[in-house]
Amino acid sequence: MTAFATRTEFYAWAAHRLAELDAGLAAMEAELAVSQGPPATASRLAMDTARLWRDRFAACIRLADSGAAFRDAIPGLQESWAQFEIAMENWALAAEQKNVAFDARAKALLGVWHAAAAAYKAQALTAAGGQRTRIEAAIARLERDAAAYSEKFEDLKDAGKLSWVAMGQALKDSRAVFERDSDTALAALADARKH
């Protein structure tokens, strides 16, 4: 989990993660709609557990929003995230649908990358020439890394029988790269506002 300098950074991070949790749940619900028999029962239990942890994650965000220090919400967010991951893995094993959940979460994560790049581009238009060049370089890096992870996710999907651990690690790695690239772009934007 990243360190947050401001509430704005915290809420942006939380919104990105919540989008990924929601995408995972949507994939589970869609798959469960066509499942039957004992696997469906185990899948539903895991999905319901995942939903509880997603809701707890959202409650931690609301707690921070209600005036509590956003740093106080971080332990609850970390626990909720970790427990959601466990429930998601349990669902994937029960439903025998590792790729469905992985694909949904990867798409949500890449969507956040592209939305962030577009927002940064819009903000860069108001920057002065030298500052704009620096911002555009940070945005280009964000877009290159998004494309690289898009390819990596496709490769993992094509491999098909990779472990949940490998898929989870790819998502974790991509989140870290996104946060690094986003922080770089935000710093360039902040620097441009000072000048």
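To start, this report covers the structure provided alongside it.

How each quantity is defined
- Residues numbered from 1 in each chain as written.
- Predicted model: local features only at pLDDT ≥ 70, side-chain atom pairs only at ≥ 80, totals over all residues.
- Heavy atoms only, no water.
- Helix = DSSP H or I, 4+ residues; strand = E, 2+ residues; numbered from the N terminus.
- Buried < 20%, exposed > 50% of the residue type's maximum accessible area, 1.4 Å probe, protein only.
- Contact = heavy atoms within 4.5 Å.
- Phe/Tyr/Trp six-rings, centres within 6.5 Å; stacked < 30°, edge-to-face > 60°.
- Lys NZ or Arg CZ within 6 Å of the ring centre and 35° of its normal.
- Salt bridge = Lys/Arg side-chain N within 4 Å of Asp/Glu carboxyl O.
- Axes fitted to C-alpha atoms, helices over the stretch in contact; angles between N-to-C directions.
- Parallel < 35°, antiparallel > 145°, perpendicular 65-115°, else oblique.
- Left-handed = near helix turned anticlockwise from the far one by under 90°.
- Nonpolar A, V, L, I, M, F, W, Y, C, P; charged D, E, K, R; others polar.
- Core = buried A, V, L, I, M, F, W, Y, C linked by side-chain atoms within 4.5 Å.

**Considering the overall build of the chain**
Of regular secondary structure, the chain possesses six helices and zero strands. Each helix (α) and strand (β) of the chain, taken in turn from the N terminus, gives the series α-α-α-α-α-α. Looking at the chain residue by residue over its 195 residues, the buried ones come to 44%. For the chain, the proportion of contacts with a sequence separation of at least 24, taken over those separated by at least 6, is 75%.

**Concerning the packing of aromatic side chains**
Applying the stated criterion across every chain, the model contains five aromatic pairs. Where Trp-113 meets Tyr-149, the ring centres are 6.0 Å apart and the plane angle is 50°; that geometry is what we call tilted. Of this pair, Trp-113 sits in helix α4 (residues 98–124) while Tyr-149 sits in helix α5 (residues 129–159); the two residues are 36 residues apart in sequence, bridging distant segments of the chain. According to the relative accessible area criterion, Trp-113 is buried, its value standing at 1%. With a relative accessible area of 14%, Tyr-149 lands in the buried category. Relative to Phe-178, the ring of Trp-113 lies with its centre 5.5 Å away and its plane at 40°, an arrangement referred to as tilted. With Trp-113 in helix α4 and Phe-178 in helix α6 (residues 164–194), this residue pair connects regions lying 65 residues apart in the sequence. For the cation-ring pair, Arg-17 lies above Trp-81, with the distance from its terminal atom to the ring centre recorded as 5.8 Å.

**Examining the pattern of salt bridges**
Per the counting criterion, the structure on display carries 14 salt bridges. Between Asp-22 and Arg-54 there is a salt bridge; the shortest N-O distance is 2.6 Å. Here Asp-22, found in helix α1 (residues 7–32), pairs with Arg-54, found in helix α2 (residues 38–65); they are 32 residues apart in sequence, far enough to count as distant. For Arg-54, a relative accessible area of 17% translates into the label buried.

**Brief notes about the side chain of Asp-145**
Structurally, Asp-145 can be placed in helix α5. What makes Asp-145 buried here is its relative accessible area of 18%. Residue contacts for Asp-145: discarding those within four places in its chain leaves Trp-113, Val-177, Arg-180 and Asp-181.

**Describing the packing of α1 against α2**
Where α1 contacts α2, the axes come no closer than 10 Å and their chain directions differ by 165°. The angle between α1 and α2 falls in the class roughly antiparallel. Crossing angle aside, the handedness with which α1 passes α2 is left-handed. Broken down by class, the residue content of the contact of α1 with α2 amounts to 16 nonpolar, one polar and eight charged.

**What about the nonpolar core?**
One finds Trp-113, Tyr-120, Ile-135, Leu-142 and Phe-153 to be the most contacted residues of the largest nonpolar core, which totals 28 residues. Taken together, the elements giving at least two residues each to this core come down to α4, α5 and α6. In terms of residue count, α4 provides more of this core than any other element does, 10 residues in total. Setting aside anything within four residues of it in sequence, one finds Trp-113 in contact with Leu-142, Asp-145, Ala-146, Tyr-149, Ser-174, Val-177, Phe-178 and Asp-181. Core analysis: the next-biggest nonpolar cluster, separate from the first, contains 27 residues, Ala-50, Trp-53, Ala-64 and Ala-92 among them.

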